[in-house]
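Here's the letter readout for the chains.
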Amino acid sequence: MLSTPTGQQAGVADDRRAARNLRAFRLIWVTQLVARVGNGMTAFGLGVFVYQETGQTTPGALIMLAAFLPGLLLAPLAGVLVDRFDRCLMMILSDTLSAIGLVALLLAFHSGVREVWVICACVAFSSVFEALLDPAYRATVTDLLTPEQYARASGMTQLAAAAQYLISPAVAGLVMVQSGIDAVLMIDVATMVTTVSFTVVVWRTIKADPKPAEKGFWEDFRGGLVYFARNRGIVVLMLLVTLMTFCMGFLQTLLTPMMLDLTDGQTLGLVRSAAAIGMVVASLAIGVFNMGSNHIGYLAVALACGGVVVIGLGMTTSVLLIGATTFLFFMVLPPLNTSVEVLTRSWIPNETQGRIWGLMGLVSQLGFLAAYCIAGPLADNVFNPLLRPGGALADTLGGVIGTGPSRGIGAMFMLVGVLLILIAVVMPRVKSIRVLERHLKRQLAESREEQDA
């Protein structure tokens with residue numbers, strides 16, 4: 001007779017803990033929403049500023065590379081730290097220390113120092129500490145939520161990411177017209193202060209003592225490598241994701257210069273913000289209605305649709321049509337990202353979440369790295385000259401998509417679209433990826449049985 005009340009008390013305690021964890025996740029999500037708005041404003045503002053100052057694509061690509069490369073290379077090591085220490089505290093340290101680079105850049109601009117190498121040095125410094133954020137955030141989500149909530153949480157995460165494209169470009173464009181790049185950087189610093197404050201509140205609410213490390217740092221790092229290498233499904237999925245990020249890196253790098261050849265910075269910001277509504281719509285749908293377990297199907301459809309849309313984007317010079325095609329492309333990103341995240345999250349043991357997310361981040365983001373390295377030089381030195389009046393392709397491909405400053409970038413987008421369609425055809429046929437989906441379905445069934453019991 002005593003076992004029933006005890007079981008009821010345990011159930012009540014579990015419900016309270018689940019409710020507390022859900023509230024904590026929502027507050028962390030708010031912090032990421034605020035941070036992404038600020039980061040997006042800086043990324044957009046620096047891209048416009050450098051292109052207007054230099055008139056070339058390559059300097060902007062170099063700045064994106066400087067902001068991206070340090071964090072990418074350090075992600076696996078950061079993942080080990082995330083598994084060894086308090087994950088929420090790692091998020092606080094990441095935001096606090098990365099703000100130093102922004103402050104240094106702001107001071108440099110205020111002093112009249114605006115060379116490209118200075119911008120690269122400052123954003124690279126911030127990137128070193130931002131390496132902690134992604135594995136810490138992803139591992140914290142696993143700590144707080146149940147498998148049934150993963151897809152919905154990913155939808156909310158995609159919604160926060162959408163704010164970076166929906167709100168940031170329009171606001172940054174307006175701010176730059178009125179006050180210049182300095183004001184954009186000041187706003188980003190202010191958002192980081194807000195983010196750290198919110199995260200400290202969460203940390204004090206759910207603060208937990210991490211398990212003491214039984215092994216050394218490098219032994220943990222090697223253990224993560226071994227686990228990652230032995231799980232073929234994750235490795236193959238990440239390699240395909242690398243091809244996807246390679247394609248998206250071209251879009252991320254080259255959309256701004258293509259648009260600035262057709263219109264001004266303020267219009268660019270408005271078009272990108274309007275296009276990001278597609279990401280908001282899809283993210284809200286996932287957050288409200290959740291997703292089923294057929295994530296490989298979602299991946300294939302999203303990639304194929306994205307490829308068709310990117311081909312259309314490359315063929316047009318109409319600002320209105322560019323806005324429409326980018327709207328559609330942003331709409332396929334949330335189901336794409338959510339499916340990849342849910343398939344991998346359900347497979348990784350909680351105690352190794354940080355280091356495995358770090359390793360997966362390194363492998364998958366190598367596509368962005370390659371795109372950042374070659375997109376600018378290819379556009380400036382190969383494709384744009386080919387499609388200028390009198391260029392080698394002006395009378396052939398130029399007859400279809402036109403000639404001029406931005407048409408070489410358009411041709412590159414069309415090639416990217418073809419590659420995305422090819423990935424969509426290959427992915428559902430990979431057996432090791434289907435194993436991940438079957439494991440997820442079993443995990444969801446077991447979780448439902450536990451809830452019913």
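Anything mentioned here points back to the structure above.
The numbering scheme is per chain: residues are counted from 1 as the chain's sequence reads. Per-residue local features of the predicted model are confined to residues with pLDDT of at least 70, and side-chain atom pairs are confined, for both listing and counting, to 80 or more; whole-chain, interface and lining totals are unaffected and use all residues. Only hydrogens and water are removed before side-chain values are computed, so all heavy atoms of the structure are retained for them.

Enquirer: Could you clarify how one ought to interpret the overall build of the protein in this entry?
Expert: For the protein, the helix and strand inventory stands at 18 helices and zero strands. Burial here depends on accessible area, computed with a 1.4 Å probe over protein chains only, as a share of the maximum for the residue type. Under 20% is buried, over 50% is exposed, and the range in between is partly exposed. Counting only residues that meet the buried cut, the protein has 53% of its 453 residues in that class. In DSSP terms, a helix is any run of H or I states spanning at least four residues, a strand is any run of E spanning at least two, and both are numbered starting from the N terminus.

Enquirer: Is there a simple way to explain the packing of aromatic side chains in this structure?
Expert: Two numbers describe a pair of aromatic rings. These are the distance of the centres and the angle of the planes. Centre distance within 6.5 Å is the pairing criterion for rings of Phe, Tyr and Trp, where only the six-membered ring of Trp is used; planes under 30 degrees apart are then read as stacked, over 60 as edge-to-face, and the remainder as tilted. What the rule picks out here adds up to three aromatic pairs. Pairing F246 with F250 gives two aromatic rings, centres 4.9 Å apart and planes at 75°, and the pair type is edge-to-face. Note that F246 and F250 are positioned in helix α10 (residues 232-262) at a spacing of four residues, about one turn of the helix.

Enquirer: What am I meant to see in the packing of α10 against helix α11 (residues 265-275) here?
Expert: In a pair of packed helices, the angle between the axes and the distance between the axes together describe the arrangement. Here α10 crosses α11 at 130°, and the two axes come no closer than 9 Å. The angle between α10 and α11 places the two elements in the oblique class. Judged by the sense of rotation from one axis to the other, the crossing of α10 with α11 is right-handed. Contacts between α10 and α11 involve L255, T256, M259 and L260 on the former and, on the latter, G265, L268, V271 and R272. Any residue outside Ala, Val, Leu, Ile, Met, Phe, Trp, Tyr, Cys, Pro, Asp, Glu, Lys and Arg is labelled polar, Gly included; the first ten of those are nonpolar and the last four are charged. For the contact of α10 with α11, the class distribution of residues is five nonpolar, two polar and one charged. As a rule, the C-alpha atoms of each element are fitted with a line to give its axis, helices using only the stretch in contact, and angles between N-to-C directions run from 0 to 180 degrees. Any angle from 65 to 115 degrees is called roughly perpendicular, while one under 35 is roughly parallel, one over 145 is roughly antiparallel, and all others are oblique. Should the near helix be turned anticlockwise from the far one by less than a right angle, the crossing is left-handed, and should it be turned clockwise, the crossing is right-handed. Between two residues, a contact is recorded if the distance between any of their heavy atoms is within 4.5 Å.

Enquirer: Would you take a moment to explain the environment of L336 for this structure?
Expert: Within the secondary structure, L336 sits in helix α14 (residues 319-345). On the basis of relative accessibility, which here comes to 2%, the residue L336 falls in the buried class. Ignoring anything within four residues of it in the chain, the contact list for L336 reads M244, M248, L299, A302 and L303.

Enquirer: I tried to follow the nonpolar core on my own but got confused; where do I start?
Expert: In summary, soluble globular proteins display a tendency toward joint burial of nonpolar side chains. Within the largest apolar cluster, 129 residues are counted, with the highest numbers of intra-cluster contacts made by I119, L237, M238, F329, F413 and M427. If one sorts the elements of this core by residue count, α10 sits on top with 16 residues. If we ignore the near neighbours within four places in the chain, the residues touching M427 are L237, L240, M244, L299, L303 and I433. What makes a nonpolar core is a set of buried Ala, Val, Leu, Ile, Met, Phe, Trp, Tyr and Cys residues whose side-chain atoms join them at distances within 4.5 Å.

Enquirer: Would you mind going over the side chain of D86 with me for this structure?
Expert: Mapping D86 onto the fold places it in the loop between α2 (58-84) and α3 (87-110). Pairing of N or O atoms within 3.5 Å defines a polar contact, subject to two protein rules: one partner must be a possible hydrogen donor and the other a possible acceptor, and residues neighboring in sequence count only if both atoms are side-chain atoms. One polar contact links the side chain of D86 to the main-chain amide nitrogen of L89, over a distance of 3.1 Å.

Enquirer: What am I meant to see in empty space enclosed by the protein here?
Expert: Every definition here rests on a 1 Å grid over the protein atoms only: cavities are sets of points where a 1.4 Å probe fits but cannot get out, pockets are open sets enclosed by protein on both sides within 12 Å along at least five of seven lines, and lining residues have some atom within 4 Å of a point. Grid points are joined across faces, edges and corners, and a volume is the space filled by probe spheres set on the points. For the structure shown, the criterion picks out three cavities of 30 Å³ or more. Forming the boundary of the second largest cavity are M248, A302, L303, G306, G307, F329, V332, L333, L336 and L420. Looking at the lining of the second largest cavity, the elements with two or more residues in it are α13 (295-315) and α14. Partitioned by chemical class, the residues of the lining of the second largest cavity number eight nonpolar, two polar and no charged.

Enquirer: Which parts of the structure should I look at to understand a positive patch on the surface?
Expert: A cluster of basic side chains, namely K431, R434, R438, K441 and R442, defines a positive patch on the protein surface. With respect to the helices, strands and loops of the structure, R442 is situated in helix α18 (residues 431-452). Taking relative accessible area as the criterion, R442 reaches 47% and is therefore assigned partly exposed. Excluding any residue in a salt bridge, patches collect residues exceeding 30% relative accessible area, merging like charges within 9 Å and nonpolar Val, Leu, Ile, Met, Phe, Trp and Tyr side chains within 5 Å. What sets the accessible areas is the Shrake-Rupley method with a 1.4 Å probe; for residues, cover comes only from the shown protein chains. Only one rule defines a salt bridge in this text: a Lys or Arg side-chain nitrogen within 4 Å of an Asp or Glu carboxyl oxygen. Counting rule for charge: Lys and Arg are taken as positive, Asp and Glu as negative, and neither His nor the chain ends is counted. By convention, the point assigned to a charge is CZ for Arg, NZ for Lys, CD for Glu and CG for Asp.

Enquirer: It is not clear to me how the packing of α10 against α14 should be interpreted in this structure. Could you clarify?
Expert: Contact geometry for α10 and α14: axes closest at 12 Å, N-to-C directions at 160°. By the angle between their directions, the pair α10 and α14 is classed as roughly antiparallel. Crossing of α10 against α14: the hand is left-handed. Here L237, M238, V241, M244, M248, L251, L255, M258, M259 and L262 of α10 come into contact with α14, specifically with V319, I322, T326, F329, L333, L336, V340, L343 and T344. Of the residues that constitute the contact of α10 with α14, the class distribution is 17 nonpolar, two polar and no charged.

Enquirer: How should the side chain of T199 be read in this particular structure?
Expert: Considering the arrangement of structural elements, one finds T199 in helix α8 (residues 181-206). Assessed through its relative accessible area of 1%, T199 is described here as buried. Of note is the side chain of T199, whose polar atom sits 2.8 Å from the backbone oxygen of T195. Apart from the residues within four sequence positions on either side, T199 is in contact with T31, C88, M91 and I92.

Enquirer: Looking at this model, I keep getting lost on the environment of L284. Mind explaining?
Expert: When you line up the elements, L284 lands in helix α12 (residues 277-289). Judged by its relative accessible area of 43%, L284 falls in the partly exposed class. Along the backbone, L284 and P334 are 50 residues apart, and their C-alpha atoms lie at a distance of 9.4 Å.

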